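Reading the structure
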Amino acid sequence: MEQSSWFEFVEKERDPVYRELQKLTEENRTIHIASYTITLNPFALIEIEGNGIHDCVCDIETCYKYLCAVSK
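This section reports on the structure supplied with the text. Predicted, not measured: the structure shown is a model, and the values here were computed from it.

Another aspect to go through is the overall build of the chain. In terms of regular secondary structure, the chain is built from two helices and four strands. Burial analysis of the chain (72 residues in total) assigns 26% to the buried set. Surface accessibility of the chain: about 5100 Å² in total, with carbon and sulfur atoms responsible for 53%.

Structure (structure tokens):
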């Protein structure tokens, strides 16, 4: 049996992780979520770095799904 997150049942806009990801802008290019450093690079791609991970995604939605998947 897999444990579910409360945020799987409510709007993701209420999830603090998603809200933090929304802060990525041209003026605020780097944020930290848990042990991850999330950076908006000059090509408007989002880089995810931490504990042996260095991946790149194209948007906040994909980044959010990625972080949810690696945290399970």
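Looking at the element boundaries, Glu47 is found in strand S3 (residues 46-50). At a separation of 3.1 Å, a polar atom in the side chain of Glu47 contacts the side chain of Asn41. In this view, Glu47 contacts Thr37, Ile38, Thr39, Asn41, His54, Asp55 and Cys56; residues no more than four positions away in its chain are not counted.

A word on helix H2 (residues 60-70). Among the residues of H2, those classed as buried are Cys63, Tyr64 and Leu67. In an axial view of H2, the angular spread of the buried residues amounts to 100°, which keeps them on one side of the axis. With respect to the buried face of H2, the exposed residues turned more than 90 degrees away are Lys65 and Ala69. Buried-residue contacts for H2 involve helix H1 (16-21), strand S1 (30-33), strand S2 (36-40), S3 and strand S4 (53-57).

About the thresholds
Residues numbered from 1 in each chain as written. Predicted model: local features only at pLDDT ≥ 70, side-chain atom pairs only at ≥ 80, totals over all residues. Heavy atoms only, no water. Helix = DSSP H or I, 4+ residues; strand = E, 2+ residues; numbered from the N terminus. Buried < 20%, exposed > 50% of the residue type's maximum accessible area, 1.4 Å probe, protein only. Areas by Shrake-Rupley, 256 points an atom, 1.4 Å probe, with all protein chains shown as cover. Polar contact = N/O pair within 3.5 Å; in protein donor to acceptor, adjacent residues only side chain to side chain. Contact = heavy atoms within 4.5 Å. Arc of directions from axis to C-beta.

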